Amino acid sequence: MEQTIEGRYRITKKLGEGGMGAVYLAEDMRLKREVAIKRLHLISNRDAQDLFQQRFEREALEMAGFQHPNIVSVHDFGQDEEGVYLVIEYMPGGVLSQQMRKRRFSVEEAIQVLLPLADALQEIHEMDQVHRDIKPANILFDKRGNPKLADFGVVKLLESDSG
């Protein structure tokens, strides 16, 4: 059975699954490109669900505001009967955590991964935001091996110290 979202995104395979949802490879049939879709399950409590959906939308919009070569791009977001979903750039180069299990990185290789990510984090901080979940599972690679920061589900606006 072929699954589509909004008649636009055709799911082709599951890439991974976690406690709150799953990530799928999909085809954006309108723009004719591969994308990744992160689908989060709905919460059963109706009041909590409304708050979760509002927070998800706010965070998706914040993420879409990041325009940096080392931050995964957000293309779209929405909700349907299965839950909320985020459409992001597909990263065929894999995840740093998987690469670390396969091999040991040299100091030079580690620097090549970390310096671009430090620049991405500076961009996030200059927008008065913080990622709060930097880990190998949230560092993805594009088809050329460039590292990109992903999974902004816990991005929070920095609170003002004034007041």
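Here, every reference points to the structure presented above.
What comes next is a walk through the structure. (Residues numbered from 1 in each chain as written. Predicted model: local features only at pLDDT ≥ 70, side-chain atom pairs only at ≥ 80, totals over all residues. Heavy atoms only, no water.)

1. Looking at the side chain of lysine 148
Stage number 1. Mapped onto the fold, lysine 148 is located in strand 10 (residues 147–149).
Stage number 2. Given the relative accessible area of 9%, lysine 148 is considered buried.
Stage number 3. Reaching out from lysine 148, the side chain makes a polar contact with the side chain of glutamate 89 at a distance of 2.7 Å.
Stage number 4. Dropping the residues within four chain positions of it, lysine 148 is found in contact with Pro69, Asn70, Ile71, Val72, Glu89, Met91, Leu117, Asn138, Ile139, Leu140 and Asp142. (Helix = DSSP H or I, 4+ residues; strand = E, 2+ residues; numbered from the N terminus. Buried < 20%, exposed > 50% of the residue type's maximum accessible area, 1.4 Å probe, protein only. Polar contact = N/O pair within 3.5 Å; in protein donor to acceptor, adjacent residues only side chain to side chain. Contact = heavy atoms within 4.5 Å.)

2. Some details on the packing of aromatic side chains
Stage number 1. Considering all chains together, one arrives at 1 aromatic pair under this definition.
Stage number 2. With a centroid separation of 6.4 Å and 75° between ring planes, the pair formed by phenylalanine 56 and phenylalanine 77 is classed as edge-to-face. Placement of the pair is phenylalanine 56 in helix 1 (residues 46–64) and phenylalanine 77 in strand 5 (residues 74–80), with a sequence separation of 21 residues.
Stage number 3. According to the relative accessible area criterion, phenylalanine 56 is buried, its value standing at 11%.
Stage number 4. With a relative accessible area of 25%, phenylalanine 77 lands in the partly exposed category. (Phe/Tyr/Trp six-rings, centres within 6.5 Å; stacked < 30°, edge-to-face > 60°.)

3. Quick look at unusual backbone geometry
Stage number 1. Phi is positive for lysine 32, close to 55°, though the residue is something other than glycine.
Stage number 2. Here lysine 32 is to be found in the loop between strand 3 (21–28) and strand 4 (33–41).
Stage number 3. For lysine 32, a relative accessible area of 63% puts it in the exposed group.
Stage number 4. Even without a glycine there, the phi angle at aspartate 128 is positive, about 60°.
Stage number 5. Counting through the fold element by element, aspartate 128 comes out in the loop between helix 3 (107–126) and strand 8 (129–130).

4. Some remarks on the sheet that holds strand 9 (residues 139–141)
Stage number 1. Taking strand neighbours across the sheet as the criterion, the 3 strands line up as 7-9-10 in an open arrangement whose pairing is antiparallel. At either margin of the open sheet sits one strand with a lone partner, and together these are strand 7 (94–95) and strand 10.
Stage number 2. Examined bridge by bridge, strand 7 and strand 9 share 2 bridges and lie antiparallel to one another. The residue of strand 9 that forms the bridge with valine 95 is leucine 140.
Stage number 3. Set on the sheet, helix 3 makes contact with strand 9 and strand 10; between it and strand 10 the angle comes to about 30°. (Pairing = 2+ DSSP bridges. Axes fitted to C-alpha atoms, helices over the stretch in contact; angles between N-to-C directions.)

That's the geometry; what it means functionally is another story.
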